[in-house]
Amino acid sequence: MARVGIPHTLAYFLYYPFWKTFFEALGHQVVVSSPTTREILDLGVEETVNDACIPIKIYHGHVASLIDKVDYMFCPRLVSVRLHGDFGSETFCPKFLGLPDLIRLTFTKAPPIIDTRIDLKKGKKELESICVEVGSRLGNSSQESQAACKKARQVHRQYLALLRQGTMPPEAMEILLNGAKPASREFPPDGLSIAVVGYPYAIYDPYINVGLLNMLAREKIKIYTQDMLSDKILNREARELPKSMFWYFSNRAVYGGLYYMKKANIDGIIHVTAFACGPDAMVDRLLEIEARRHNKPYLSISIDEHTGESGVRTRIEAFVDMLRYRRDKA
Amino acid sequence: MKISFPRMGYSYIALKWLVENMGHECIVPPEPSKRTLDLGVRYAPEFACIPFKILMGTYLEVAEMGAEIILTSGGRGPCRAGYYWVMHNYLLQELGKDVRVVAFELPLDNLKDFWKKVHWIRKTGGLSVKEFIRVLKITWEKLKAIDDVEMRSHEIRPLEIHRGDTTRTLWKGLELLDQANTLEEIEEARREGLKMLESIPRDDSRNPLKIGIIGEIYVVLEPAANHYIQIMLGEMGVQTDRSIYLSAYTRKNTIINLEGDIFSKARPYLNEAPIGGHGVNSIGETVL
Ligand code: SF4
């Protein structure tokens with residue numbers, strides 16, 4: 001039995017249930033780092049170059065916090081999780097592509113890194129062979145890995161179903177993995193609905209976005225994110241663009257934003273963007289322009305290690321006030 | 001139609017010929033200046049990279065000059081450059097400019113779209129398929145000849161006895177190439193250009209330092225974007241060679257991929273290729 005470390009960021013928010021199930025089915029122990037904290041951020045900032053985007057810094061912090069606690073670090077190379085994207089080549093931001101190399105070169109004392117290449121567009125059986133490869137690094141047979149893969153897939157499907165019902169990832173994981181009861185929430189009939197789009201590691205990490213979702217929840221606002229939409233819906237939006245971007249998470253944010261812009265029941269769009277993020281320079285301007293064309297209020301919140309809670313709160317409050325005013329006037 | 005394109009080094013000479021001989025009017029993009037960059041900075045997103053901003057500025061300038069269509073290339077990522085044209089279009093529209101950016105994606109990626117655009121350009125210019133192919137061929141030769149002459153100039157510049165000779169001669173050679181209209185004339189201009197470069201008084205006893213220039217394609221190719229680094233180094237007595245020439249780039253990337261070698265050299269430093277912006281080529285070619 002090995003202890004496998006999974007950093008609590010980046011792909012975690014969409015794929016943790018899959019890999020947790022997989023590793024546990026193989027009889028290993030999964031150690032996940034704690035949600036982002038000040039210490040984790042500081043650890044990350046120490047280890048990374050100054051102009052890296054904040055999610056990459058945080059990722060390094062999570063890895064650093066796991067180093068002494070695990071036998072393997074799970075840091076797969078995400079190349080594509082689409083069977084066929086735009087031009088069949090949709091991939092991830094360059095920083096994702098180079099991540100295992102960065103980690104290896106930064107942490108010379110790290111335990112072995114499982115940096116299996118995940119490139120699902122290569123074929124239908126790809127996920128299974130990836131699982132077999134990951135399993136073999138941990139000493140598991142192909143049969144074991146295949147069975148574990150099957151189980152993990154089931155859990156992943158249930159997880160996606162929960163997200164589609166409007167559950168946020170942390171809660172969906174609690175329900176699925178720990179048998180928690182779904183919390184019931186009441187929304188006032190005349191309450192606002194806001195779509196929050198952006199990278200999962202930006203919108204679901206309350207530390208980096210200084211509790212943005214909670215601020216909205218406290219105002220009894222109904223929150224929608226791109227992860228509540230099915231691939232079918234997202235792909236439909238893709239067809240309306242002259243061309244899609246090349247980065248999976250960016251595209252999801254863009255498609256999600258475009259979808260919600262056209263919905264009458266959505267009062268406004270918030271885009272959470274990472275400071276110094278290469279792709280976001282495009283994503284943000286595109287969404288801003290489209291929102292204006294669709295006459296939908298749009299707020300862009302840029303986050304970095306110096307983002308202060310009060311600053312974000314002020315902007316959110318002003319935005320929400322404006323939405324309420326707009327609704328009352330209508 | 002009034003057609004323009006991004007300015008990348010001296011390639012505009014060949015592209016101008018192409019546009020004019022396809023039966024369109026060419027708006028030659030001005031060399032990027034302080035104003036170009038200022039315009040770009042003003043209207044591009046803050047975190048867009050410098051090439052995006054310079055191009056944005058250039059597009060606004062050619063729009064002022066009356067361009068209706070800007071031809072450029074697309075790309076498949078993961079670098080942002082392949083998405084530039086979409087964003088540039090959005091931004092130009094927002095500014096109410098009557099100009100459209102039309103991008104050619106790699107034929108490898110979307111053959112149909114590629115042909116559709118090619119035919120559209122050809123038909124609107126009123127050329128027959130045969131003439132069109134002839135024009136393309138000549139443009140290609142012109143592009144290669146321009147690169148040849150420029151390449152040689154970087155070898156000669158560090159040896160020149162009178163500072164500035166090479167750059168002046170290079171321009172003369174480029175003017176000859178500019179005037180050439182047939183394959184024969186291009187070949188002649190190329191030879192003449194090289195001959196003129198050879199006859200520059202020079203000091204062969206110098207043993208110039210050799211520096212390789214690598215980096216992101218646009219910054220490497222457009223002298224105004226890299227502060228004329230090759231000319232500057234040359235006049236300081238340094239021989240430069242750069243990793244990217246437009247004709248070599250298109251030769252490699254359009255139809256087949258001959259870059260396997262470069263990837264393998266970069267592998268010890270970076271496991272995933274490509275990461276975009278010529279990152280891999282840059283690492284690999286430094287090693288080579
Ligand atoms: S997409 Fe942006 S925020 Fe995410 S890793 Fe890349 S640069 Fe960083």
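Predicted model, so just to flag it, every value in this text is computed and none were measured. (Residues numbered from 1 in each chain as written. Chains lettered and ligands numbered in written order. Predicted model: local features only at pLDDT ≥ 70, side-chain atom pairs only at ≥ 80, totals over all residues. Heavy atoms only, no water.)

## Looking at the packing of helix α1 (residues 12–25) of chain A against helix α7 (residues 142–164) of chain A
Two quantities define a packed helix pair, namely the angle between the axes and the distance from one axis to the other.
All names here are of chain A.
Consideration 1: Running from N to C, α1 and α7 point in directions that differ by 150 degrees, and their axes come no closer than 8 Å. When the interaxial angle is binned, α1 and α7 end up roughly antiparallel. Two packed elements cross with a definite hand, and for α1 against α7 that hand is right-handed. Residues Phe13, Leu14, Tyr15, Pro17, Phe18, Thr21, Phe22 and Ala25 of α1 pack against Ser145, Ala148, Cys149, Lys151, Ala152, Arg153, Val155, His156, Tyr159 and Leu163 of α7.
Consideration 2: Taken together, the residues of the contact of α1 with α7 sort by class into 13 nonpolar, 3 polar and 2 charged. (Axes fitted to C-alpha atoms, helices over the stretch in contact; angles between N-to-C directions. Helix = DSSP H or I, 4+ residues; strand = E, 2+ residues; numbered from the N terminus. Parallel < 35°, antiparallel > 145°, perpendicular 65-115°, else oblique. Left-handed = near helix turned anticlockwise from the far one by under 90°. Contact = heavy atoms within 4.5 Å. Nonpolar A, V, L, I, M, F, W, Y, C, P; charged D, E, K, R; others polar.)

## Things to note about the sheet that holds strand β1 (residues 2–4) of chain B
All names here are of chain B.
Consideration 1: Reading across the sheet, the 4 strands line up as β2-β1-β3-β4 and stay open at both edges, with parallel pairing between neighbours. Each end of this open sheet is capped by a strand with a single partner; those strands are β2 (25–26) and β4 (100–104).
Consideration 2: Where β1 lies against β2, 2 bridges are found, and the strand directions are parallel. Residue pairing in the sheet places Lys2 in a bridge with Glu25 of β2. (Pairing = 2+ DSSP bridges.)

## Things to note about the site of the ligand
Residue and element names in this part refer to chain A.
Consideration 1: Around the ligand, the neighbouring residues are Cys53, Pro55, Ile56, Cys93, Lys95, Phe96, Tyr199, Tyr201, Ala274, Cys277 and Gly278.
Consideration 2: Here the shell around the ligand is built from residues that sort into 9 nonpolar, 1 polar and 1 charged.
Consideration 3: Looking at which domains feed residues into the shell around the ligand, each of domain 1 (3–175) and domain 2 (185–329) gives three or more. (Near = heavy atom within 4 Å. Domains from an automatic or database assignment.)

## Points about the pairing of strand β1 (residues 3–6) of chain A
In the case of a regular strand, side chains alternate between the two sheet surfaces.
All names here are of chain A.
Consideration 1: Bridge count for β1 against strand β2 (residues 29–32) is 4 bridges, and the pairing is parallel. For Ile6, the partnering residue across the bridge sits in β2 and is Val32.
Consideration 2: The handedness of the β1 to β2 crossover, carried by α1, is right-handed.
Consideration 3: Judged from the 2 bridges that link them, β1 and strand β3 (residues 72–74) form a sheet pairing that is parallel. (Right-handed = clockwise from strand over helix to strand, strands pointing away.)

## Comments concerning empty space enclosed by the protein
All names here are of chain B.
Consideration 1: Overall, the coordinates contain 3 cavities of 30 Å³ or more when judged by the stated rule.
Consideration 2: Within this model, the largest cavity holds a volume of roughly 80 Å³.
Consideration 3: Only α6 (129–156), α9 (217–221) and α10 (229–235) provide two or more residues apiece to the lining of the largest cavity.
Consideration 4: Here the lining of the largest cavity takes 3 residues from α10, the largest share from any one element. (1 Å grid on protein atoms, 1.4 Å probe; cavity = no way out; pocket = protein on both sides within 12 Å on 5 of 7 lines; lining within 4 Å. Points joined across faces, edges and corners; volume = space filled by probe spheres on them.)

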